[in-house]
Amino acid sequence: MRAAALERAFGAWLRLAEQAADQVPGPCLAPIHGEAPRHPLPSGVAARLLDDPMAWFDAEQPALNAIARQAATLRMVPVAWDLAACQEKYCDVRGLYDDWRTTHETVLRACRTAGDVRGEAVLTRGLIEVTTWTTPVDGTQTMVSLHDRAQQLRGLFEQVGEPRGAADALVLSAWSLVAQGRGREALDAARRALDLATAHDHPGGEARAHQIIAVAYNETDLDRTIHHLTETLRLARLIGNARFEATAIQFLGAAHGRAGDVERGRELLTQSLAMARSLGDRYVEAFSLLYLATLYAATGDARARATAEAALAIARRFDLGHHLAQALGILGELDLAAGDHGAAVAHLEESVLVWRARGWRSFLAEALQALGRAYAAAGLPDSAERVRREARELGEGPANGGAGALTHGG
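As the structure is a prediction and not an experimental result, all values here were calculated from the model. (Residues numbered from 1 in each chain as written. Predicted model: local features only at pLDDT ≥ 70, side-chain atom pairs only at ≥ 80, totals over all residues. Heavy atoms only, no water.)

### Considerations on the packing of aromatic side chains
Okay, so step 1: Overall, the coordinates contain 10 aromatic pairs when judged by the stated rule.
Okay, so step 2: When the ring of W13 is compared with that of W56, the centres are 6.4 Å apart and the planes differ by 40 degrees; the resulting orientation is tilted. One end of the pair, W13, is in helix α1 (residues 2-22); the other, W56, is in helix α3 (residues 53-73), and 43 residues separate them in sequence.
Okay, so step 3: Its relative accessible area of 24% is what places W13 among the partly exposed residues.
Okay, so step 4: When its relative accessible area of 5% is taken as the criterion, W56 is described as buried.
Okay, so step 5: When the centroid spacing of 5.0 Å and the interplanar angle of 20 degrees are considered together, the rings of F57 and Y90 count as stacked. (Phe/Tyr/Trp six-rings, centres within 6.5 Å; stacked < 30°, edge-to-face > 60°. Helix = DSSP H or I, 4+ residues; strand = E, 2+ residues; numbered from the N terminus. Buried < 20%, exposed > 50% of the residue type's maximum accessible area, 1.4 Å probe, protein only.)

### What about empty space enclosed by the protein?
Okay, so step 1: A complete count under the given rule lists 2 cavities of 30 Å³ or more for this structure.
Okay, so step 2: The computed volume of the second largest cavity comes to approximately 40 Å³.
Okay, so step 3: Surrounding the second largest cavity, N65, A84, Q87, E88, C91, D99, W100, T103 and H104 form its lining.
Okay, so step 4: Elements with a minimum of two residues in the lining of the second largest cavity: α5 (88-94) and α6 (97-114).
Okay, so step 5: It is α6 that provides the largest number of residues to the lining of the second largest cavity, a total of 4 residues.
Okay, so step 6: Its residues assigned to classes, the lining of the second largest cavity comprises 3 nonpolar, 4 polar and 2 charged. (1 Å grid on protein atoms, 1.4 Å probe; cavity = no way out; pocket = protein on both sides within 12 Å on 5 of 7 lines; lining within 4 Å. Points joined across faces, edges and corners; volume = space filled by probe spheres on them. Nonpolar A, V, L, I, M, F, W, Y, C, P; charged D, E, K, R; others polar.)

### What about the side chain of E206?
Okay, so step 1: Residue position: E206 is located in helix α11 (residues 203-217).
Okay, so step 2: Dropping the residues within four chain positions of it, E206 is found in contact with L194, A197, T198 and L235. (Contact = heavy atoms within 4.5 Å.)

### What to know about unusual backbone geometry
Okay, so step 1: For D201, which is not glycine, the phi dihedral falls at a positive 55 degrees.
Okay, so step 2: Examined against the element boundaries, D201 turns out to sit in the loop between α10 (183-199) and α11.
Okay, so step 3: Classification of D201 by relative accessible area gives exposed; the value is 65%.
Okay, so step 4: One non-glycine residue with positive phi stands out, namely D319, at about 55 degrees.

### Some remarks on the state of the cysteines
Okay, so step 1: One pass over the structure, following the stated rule, counts 0 disulfides.
Okay, so step 2: Looking at C91, it has no disulfide partner, and the nearest cysteine sulfur is the one in C86, 11 Å off. (Disulfide = S-S within 2.5 Å.)

### Comments concerning the pattern of salt bridges
Okay, so step 1: On inspection of all chains with the given rule, the structure shows 29 salt bridges.
Okay, so step 2: Note that E120 is salt-bridged to R112, the shortest N-O span being 3.3 Å.
Okay, so step 3: On the accessibility criterion, R112 (49% relative accessible area) is partly exposed.
Okay, so step 4: Between R192 and D188 there is a salt bridge; the shortest N-O distance is 3.2 Å. Taken together, the residues R192 and D188, both in helix α10 and 4 residues apart, mark about one turn of the helix.
Okay, so step 5: Salt bridges sharing partners connect three or more residues here, namely R15, E18, R38 and D82. (Salt bridge = Lys/Arg side-chain N within 4 Å of Asp/Glu carboxyl O.)

### Here we look at the environment of A377
Okay, so step 1: The residue A377 is located in helix α19 (residues 361-377) in this model.
Okay, so step 2: A residue is classified by how much of its surface remains accessible, and A377, at 34% relative accessible area, is partly exposed.
Okay, so step 3: Separated by 313 residues in sequence, A377 and L64 place their C-alpha atoms 54 Å apart.
Okay, so step 4: Once you skip the residues sitting within four places of it in the chain, A377 turns out to touch L336 and H341.

### Examining the confidence of the model for the protein
Okay, so step 1: Of all residues in the protein, 95% attain a pLDDT of 70 or more, and the chain-wide mean is 93.
Okay, so step 2: Below a pLDDT of 50 lies the segment residues 400-404, which in the model reaches 23 contacts outside its immediate sequence neighbourhood of four places, other chains included. (pLDDT = per-residue confidence, 0-100.)

### A look at the packing of helix α17 (residues 321-338) against α19
Okay, so step 1: For the pair α17 and α19, interaxial distance at closest approach is 10 Å and the crossing angle is 30 degrees. By the criterion of interaxial angle, the relationship of α17 to α19 is roughly parallel. Judged by the sense of rotation from one axis to the other, the crossing of α17 with α19 is left-handed. Contacts between α17 and α19 involve H322, Q326, E333 and L336 on the former and, on the latter, F363, A370, R373, A374 and A377.
Okay, so step 2: Broken down by class, the residue content of the contact of α17 with α19 amounts to 5 nonpolar, 2 polar and 2 charged. (Axes fitted to C-alpha atoms, helices over the stretch in contact; angles between N-to-C directions. Parallel < 35°, antiparallel > 145°, perpendicular 65-115°, else oblique. Left-handed = near helix turned anticlockwise from the far one by under 90°.)

### Thoughts on the nonpolar core
Okay, so step 1: Residues V107, W175 and W360 are the most contacted members of the largest nonpolar core, which totals 138 residues.
Okay, so step 2: It is helix α15 (residues 282-298) that contributes the most residues to this core, 11 residues altogether.
Okay, so step 3: In this structure, V107 is in contact with A68, A72, A80, W81, A84 and L123, ignoring residues within four places of it in sequence.
Okay, so step 4: Formed by 5 residues, the second largest nonpolar core is a distinct cluster that contains A207, L235, A236 and F244. (Core = buried A, V, L, I, M, F, W, Y, C linked by side-chain atoms within 4.5 Å.)

### So, the environment of E267
Okay, so step 1: Here E267 is to be found in helix α14 (residues 262-279).
Okay, so step 2: With 232 residues separating them in the primary sequence, E267 and E35 have C-alpha atoms 46 Å apart.
Okay, so step 3: Engagement of the side chain of E267 in a polar contact is seen with the side chain of R264, the distance being 3.1 Å. (Polar contact = N/O pair within 3.5 Å; in protein donor to acceptor, adjacent residues only side chain to side chain.)

And the structure:
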């Protein structure tokens, strides 16, 4: 009796969470669910509860977390992992990265114990997303290890016959390859992801593939970059994902700025910033601020420092390593231009530290070059030569993967 009652209750929660998640903007990952029983509420009741899906998650997410963990403890694994996965987009938009990570880790252990490979694949994908982009640095080269993790993820999805999930894994592989400066391999992985997503009706996967193709081309062919980002935007609008639409607009703004169309770049970045703030999405907000700060700095706009500092505050609050490193780099360059050599060294040393842990080759080389200039200006020629030498060695490795000013935006 107790087990049946719990199954009905958990099934009702799962049905509501599934319906709410479908209406929440977030990462365009393939929605993959399991076979746990659903117990729908009367349609009128469900409609009233989910009139505002974000508000429903705001009220119920702590309970959903507790239920997912309880279900895992009770070995009701299919409902546990589906409930955990339904919260990913909401947690991403609201910046609840610790909740996302810890719940997934708990339920993933139950999936492995039970031999539920589908649940293992879905939660592993979610964990890769949150631990790659939004957790504090821990001394490991995150972007380098991402490739092996993505390859393992692809194997899990292939094992359970989920080609859409395999496409998501290939996109993750492409991000790692770009970060390592392996541009041709990144383009190959991204194109395979695009083909797979197109063949299996996964427009979100198509959008993500076009995004990373654009990033891979960014240093070498801005026309192709803008073309693929325009396609990313079209697909984001097609599937009605406002979060990914804001991301595409943000990337387009950065690309137009790099192409010399400053006004168009500023217009698009201001639009993406407004969209991020309307969604309450601090991750996309921080990236829009970073791109705006970069554009302001390049054009001598006095708003550059305050904009970079606003991005830095969000990065520190939410432990966003990538945002943190970029914001510190922008501030260090501004300090250097202002003649504040001590502040420049401090900002750039921290930026180098974070990029080193991130394992993003081109950004580390750029940060080392900037730090070399700061050391030289501060009267530290030996330190300047040391970091410049490391930057040169990085530049002599694999060809730059085209990261430039375009980086992950969700």
